[in-house]
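# Remarks on the overall topology
Letter by letter, the chains look like this.
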Amino acid sequence: MNTGIDERLAEVRARMAEASRKAGRKPEETELVAVTKTHPPEALQEALAAGQTLFGENRVQEARAKMPLVSSRARWHLIGHLQKNKVRQALAVFEMLHGIDSLELARDVQRIADEDGQRPRVLLEVNVAGEASKFGYQPDRLLAEWAELAALPRLEIHGLMTVPPYATDPEKARPHFRRLRELKSRCETLLGVPLPHLSMGMSGDFEVAIEEGATLVRIGTALFGKRQYAAAKESATEGGD
């Protein structure tokens, strides 16, 4: 049964395109990650039928339960915090990990990737506002540990990710998105090559994120509706809404 996901997807894509034009960017520079946490496989299949192929899950276990129930055309990113005991499982099923938030975790990913012969694509999560309730690197520590992170041979670092403080006004997220973009530029200087991705922006602020340079926006509520158990504020403490 059609639940309107196709129409909401078209609306979100139109808003993304308009934000890109406003910022002087090409619409294809930003990709939509449809966040499917708590939503059933049927919702994913409807999104797939409407042309959405990239999905984001917050938890490894939930993703692994859904993956066999949807089309193999689906691509998957892990956008939530990665627990150390789930690293091997995550590497087996996700094409990108958004939440590498410490050198210790990066070394665990490196070790297991080396054992399994993999080259994981990762984003480094940054806690740009220094919120105690959130995971993520402090910017200064990221810069201090950048050389050690970049020296891990198995990890392909593709950029940075953040979740800004919860706010009803999307403009309040702009300084945090801008800070992440500026931090990415500093990391690129240290690395000597461009980092292609900024993962930032959710249902309430993705247009501002695109204006500030997002290449991946993580949108759930605007596509699939609200989760039954989660308050809006809770979603702002995780990788996507």
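Calculation notes
- Residues numbered from 1 in each chain as written.
- Predicted model: local features only at pLDDT ≥ 70, side-chain atom pairs only at ≥ 80, totals over all residues.
- Heavy atoms only, no water.
- Buried < 20%, exposed > 50% of the residue type's maximum accessible area, 1.4 Å probe, protein only.
- Helix = DSSP H or I, 4+ residues; strand = E, 2+ residues; numbered from the N terminus.
- Pairing = 2+ DSSP bridges.
- Polar contact = N/O pair within 3.5 Å; in protein donor to acceptor, adjacent residues only side chain to side chain.
- Contact = heavy atoms within 4.5 Å.
- 1 Å grid on protein atoms, 1.4 Å probe; cavity = no way out; pocket = protein on both sides within 12 Å on 5 of 7 lines; lining within 4 Å.
- Points joined across faces, edges and corners; volume = space filled by probe spheres on them.
- Nonpolar A, V, L, I, M, F, W, Y, C, P; charged D, E, K, R; others polar.
- Axes fitted to C-alpha atoms, helices over the stretch in contact; angles between N-to-C directions.
- Parallel < 35°, antiparallel > 145°, perpendicular 65-115°, else oblique.
- Left-handed = near helix turned anticlockwise from the far one by under 90°.
- Core = buried A, V, L, I, M, F, W, Y, C linked by side-chain atoms within 4.5 Å.

## A word on the pairing of strand E8 (residues 216-219)
- Alternating residues of E8 divide into Leu216 and Arg218 and Val217 and Ile219, and every residue in both groups is buried.
- Inspection of the sheet shows strand E1 (residues 31-35) paired to E8 by four bridges, in the parallel sense. Looking at E8, one finds that glutamate 31 is bridged to leucine 216.

## Some points on the side chain of threonine 162
- Within the element layout of this structure, threonine 162 appears in the loop between strand E6 (156-161) and helix H7 (174-191).
- Here valine 126 takes part through its backbone oxygen, which lies 2.7 Å from a polar atom of the side chain of threonine 162.
- Not counting chain neighbours up to four residues away, the residues in contact with threonine 162 comprise Val126, Val128, Phe177, Leu180, Ser199, Met200 and Arg218.

## So, the layout of surface pockets
- Taken as a whole, the second largest pocket encloses approximately 350 Å³ of empty space.
- Taken together, the residues of the lining of the second largest pocket break down into eight nonpolar, nine polar and five charged.

## Some points on unusual backbone geometry
- With phi around 75 degrees, threonine 38 is a residue other than glycine that occupies positive phi space.
- By secondary structure assignment, the location of threonine 38 is in the loop between E1 and helix H2 (41-49).
- Threonine 38 sits in the partly exposed class, given a relative accessible area of 33%.

## Some details on the packing of helix H1 (residues 5-22) against H2
- At a minimum axis separation of 9 Å, H1 and H2 run at an interaxial angle of 55 degrees. Considered as vectors, H1 and H2 are oriented oblique to each other. Note that H1 runs across H2; the crossing there is right-handed. Note on element contacts: H2 touches H1 through Ala43, Glu46 and Ala47, opposite Ile5, Asp6 and Leu9.
- When the residues that make up the contact of H1 with H2 are grouped by side-chain class, the tally is four nonpolar, no polar and two charged.

## Focus: the nonpolar core
- If you look at the biggest cluster of nonpolar residues, it comprises 62 residues, and the most contacted ones within it are Phe55, Leu82, Phe94, Leu97, Ile100, Leu142 and Leu149.
- Counting residues per element, this core draws most heavily on helix H5 (residues 103-116), which supplies six residues.
- Dropping the residues within four chain positions of it, leucine 82 is found in contact with Val60, Val87, Ala90, Leu97, Ile100, Leu105 and Val109.
- Counting residues in hydrophobic clusters, the runner-up holds 10 residues, among them Val35, Ile79, Met161 and Met202.

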